[in-house]
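# Report on the structure
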Amino acid sequence: MNEITLSPLDHAIAAKMTVPGDKSISHRAVIFSSLAKGTSHVSNFLAGEDCMRTIQVFRELGVEIEQSSTELVIKSEGIASLKEAERPVYFGNSGTTARLVTGVLAALPLFTTCYGDDSLAKRPMDRIVLPLQQMGAKIDGRCEGSYLPLAIHGTSLQGITYDMPVKSAQVKSAILLAGMLSSGETTIIEQVKTRDHTEQMLPQFGVDLTVKDRKVTIQGGQEPVPADLTVPGDISSAAFFLAAAAIVPDSHITIKDVGLNPTRTGLIKALEMMGADILVKETRRIGGEPVGNVEIKYKELSGAHIEGELIPSLIDELPILALVATQANGKTIIGDAGELRVKETDRIAAVAQVLTSFGAEVEEKQDGLIIQGKSSLKGTVVDSYMDHRIGMMIAIASLIAEGKTVLTNGQCIDISYPGFFKDLESLKK
Ligand code: S3P
């Protein structure tokens, strides 16, 4: 078992830094480029394990993808040229790869079998399989298509209107991609707007769609054309260092060139609700994505209610926000976040167990957490649950915990943030 020993910080943090490219945008850049006939270029790609799975899948389908660190050159002969993978396709730990790629493969005349790691095998796939079946898809899978492995008998699909019961950008994107490759029109109606990188990026590849409030409509029979893209820094990775400055007294951090898409910046709103001293400055737009700098200075925080429409815009940041809440005065209530139970691990149970073992007061609810601050944390031996965001939350907690913290299975952090420990060490200088 991999073990990392972490020590507390003995001084305030003063740092200006960047974080690696956005995970959601990197996946989409590879998928859309692979469907576009010609050569596309992607800069600042996130070369983490999840996005590398998406690259590997499209290589197996016959797309030529050259990778040099964070630069990609993707050469595709277009949708019609994709070939059947000779082996079962492996999605690893990546829910985004699994859901979006299944949406594509369901609509192409190819047979594919696919599977994932132990975590992905437990995550629900019926949320995409059922609407794809309504479009005419032929997909078999474990527990009647509810879980991987899946066998996808790609075929011609028909557009649908889909009132999406889950708040999920992966589901929305899977149906939009299938819709783009179907006949007729596909409309998705969301209860709450989820991250909209697919809607922002498809037009960069020449694909038309219309967005009206919570309704997205795409016409079938469209083929993307190549594009050149730069991926902004991942706000979900920046979140760990913003949180570090929020909990280590007298700290000051600026994170530069980070994506500020409003469907992703819920953490900034939540920190403001807790009283944080935080400044956001948009400096430019890349494609449809606003990009800029986020500066945070340590300040005493108070508990807040984090729930409702805010949740999808900070869903991946809730573990680290829960840690921040242990250092805020009073009670923080996180609600309407039942989706956390079906992430890389059950993040409600994992966060409650991890923070309790550090000595925090945390109560688990069916759809969230109640955290009573402010607690003094004590170093402990604690596992990542093989979940990258739980692993990073533990590493940030270690900065303020008394004594040593031993993180086991921290290697999973490479899923979304290769170089995390190097960046963490640089704060200690
Ligand atoms: C993602 C959407 C979210 C998020 C995940 C990435 C995406 O998942 O948690 O890390 O790239 O579309 P859901 O769509 O399941 O909410």
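Summarised in this report is the structure supplied together with it. Note that the coordinates shown come from a computational prediction; the quantities given were computed from them, not determined experimentally.

## Considerations on the state of the cysteines
- Enumeration according to the criterion identifies zero disulfides in this entry.
- Of all cysteine sulfurs, the one in Cys143 lies closest to Cys114, which takes part in no disulfide; the gap is 15 Å.
- In this structure Cys114 comes out as buried when scored by relative accessible area, which is 1%.

## A short note on the layout of surface pockets
- In this model, the largest pocket occupies a volume close to 460 Å³.
- Considering the residues around the largest pocket, the lining is formed by 31 residues, among which Lys167, Ser168, Ala169, Ile315 and Lys343 are closest to the centre.
- For the lining of the largest pocket, the secondary structure elements donating two or more residues are α1 (23-35), α3 (95-105), α6 (169-180) and α12 (388-398).
- Across the lining of the largest pocket, the residue classes break down as eight nonpolar, eight polar and 15 charged.
- Among the domains, domain 1 (3-21 + 232-426) and domain 2 (23-230) are the pair contributing at least three residues each to the lining of the largest pocket.

## A closer look at the pairing of strand β21 (residues 368-373)
- In terms of residue burial, β21 counts as a mostly covered element, since five of its six residues are buried.
- As paired strands, strand β19 (residues 330-334) and β21 are joined by five bridges and run antiparallel to one another. Within β21, the position partnered with Thr332 by the bridge is Ile371.
- Pairing between strand β20 (residues 361-365) and β21: five bridges, direction antiparallel. Following the sheet pairing, Val362 is matched in β21 by Ile371.
- Here β20 folds back onto β21, and the loop between the two strands holds two residues.

## Digging into empty space enclosed by the protein
- A complete count under the given rule lists two cavities of 30 Å³ or more for this structure.
- What the largest cavity holds in volume is close to 90 Å³.
- Along its surface, the largest cavity is lined by Ile25, Gln200, Met201, Gln204, Leu229, Thr230, Val231, Pro232, Ile286, Gly287, Gly288 and Glu289.
- The computed volume of the second largest cavity comes to approximately 30 Å³.
- What lines the second largest cavity is simply Asp22, Ile25, His197, Pro232, Gly233, Ile235, Gly259, Leu260, Asn261, Arg264 and Glu289.
- Partitioning the lining of the second largest cavity into residue classes produces four nonpolar, four polar and three charged.

About the thresholds
Residues numbered from 1 in each chain as written. Predicted model: local features only at pLDDT ≥ 70, side-chain atom pairs only at ≥ 80, totals over all residues. Heavy atoms only, no water. Disulfide = S-S within 2.5 Å. Buried < 20%, exposed > 50% of the residue type's maximum accessible area, 1.4 Å probe, protein only. 1 Å grid on protein atoms, 1.4 Å probe; cavity = no way out; pocket = protein on both sides within 12 Å on 5 of 7 lines; lining within 4 Å. Points joined across faces, edges and corners; volume = space filled by probe spheres on them. Helix = DSSP H or I, 4+ residues; strand = E, 2+ residues; numbered from the N terminus. Nonpolar A, V, L, I, M, F, W, Y, C, P; charged D, E, K, R; others polar. Domains from an automatic or database assignment. Pairing = 2+ DSSP bridges.

As far as function goes, none of this settles anything; it's purely spatial.
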